[in-house]
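So the chains spell out like this:
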Amino acid sequence: MPGQRKRKRQRQRELADLSGEADRFGPDAGRWELRYTTEDESEWQAELRRLRAEEPGLDWDVVRLDMLCGRSTHPTTYRLSVFTPHPAPEEHPAAPLTAPTET
C-alpha cells in the first residue's frame, strides 16, 4: 500500500517523542504548579497576553493550559500551570580520610 512505510515511521517518531515527554514531565521529575485560575474567558485571555509580554523567554513546553468544561452546576474554569522540576540533590564534598592532627 503506498505511503505505509512513511506512516509507520511517523507513528514510531510520535511514540518516541511521547516517551521522552513522559520522562521529562513524569511524577518523579517534578510537579505541575498552578499559577492562575479563573472562570472568566476574557480574564484568561488577558492573563495569557500579559504572560507573553512580561516573560518572553518562557519555555512554553513547560506550560499547561487547561479548560475544564462546565456543566449546569459547575462553571467552566480556565487554568494555567507551570511544570516545576524537583531540585537537584546537593552534592557534599568528600570528607578528608585522615584525622586532623593536634598541635
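These figures come from a predicted structure and were not determined experimentally.

J.: Help me out: how do you make sense of the overall build of the chain in this one?
T.: Tallying secondary structure elements over the chain gives two helices and three strands in all. In the chain, the order of α-helices and β-strands from amino to carboxyl end is α-β-α-β-β. Split into buried and exposed, the 103 residues of the chain put 17% on the buried side. For the chain, long-range pairs separated by at least 24 residues make up 60% of all intrachain contacts whose partners lie at least 6 apart in sequence. About 9,000 Å² of surface is accessible on the chain, with carbon and sulfur atoms providing 52% of the total.

J.: In this structure, what is going on with helix H2 (residues 41-54)? I would like to understand it.
T.: In this model H2 runs 20 Å from its N-terminal to its C-terminal C-alpha over 14 residues, within 8% of the 20 Å that 1.5 Å per residue would give. Those residues of H2 lying buried are Trp-44, Glu-47, Leu-48 and Leu-51. Taken down its axis, H2 places every buried residue within 100° of arc, on the same side. For H2, the exposed residues set more than 90 degrees away from the buried face come down to Arg-49, Ala-53 and Glu-54. Contacts from the buried residues of H2 go to strand S1 (30-38), strand S2 (63-68) and strand S3 (77-85).

J.: What am I meant to see in the confidence of the model for the chain here?
T.: Low-pLDDT stretches of the model should not have their predicted coordinates read in fine detail. Per-residue confidence for the chain gives a mean pLDDT of 79, with 72% of residues at or over 70. Mean pLDDT in the chain bottoms out at helix H1 (residues 4-25), which sits at 71, and peaks at H2, which reaches 91.

J.: Got a minute to help me understand a positive patch on the surface in this structure?
T.: A contiguous patch of positive charge, built from Arg-5, Lys-6, Arg-9 and Arg-13, is present on the exposed surface. Locating Arg-13 in the fold gives a position in helix H1. The partly exposed category is assigned to Arg-13, whose relative accessible area is 49%.

What counts and how
- Residues numbered from 1 in each chain as written.
- Predicted model: local features only at pLDDT ≥ 70, side-chain atom pairs only at ≥ 80, totals over all residues.
- Heavy atoms only, no water.
- Helix = DSSP H or I, 4+ residues; strand = E, 2+ residues; numbered from the N terminus.
- Buried < 20%, exposed > 50% of the residue type's maximum accessible area, 1.4 Å probe, protein only.
- Contact = heavy atoms within 4.5 Å.
- Areas by Shrake-Rupley, 256 points an atom, 1.4 Å probe, with all protein chains shown as cover.
- Expected span 1.5 Å × (residues − 1).
- Arc of directions from axis to C-beta.
- pLDDT = per-residue confidence, 0-100.
- Patch = residues over 30% accessible without salt bridge, like charges linked within 9 Å, V, L, I, M, F, W, Y side chains within 5 Å.
- Salt bridge = Lys/Arg side-chain N within 4 Å of Asp/Glu carboxyl O.
- Lys, Arg positive; Asp, Glu negative; His and termini not counted.
- Charge placed at Lys NZ, Arg CZ, Asp CG, Glu CD.

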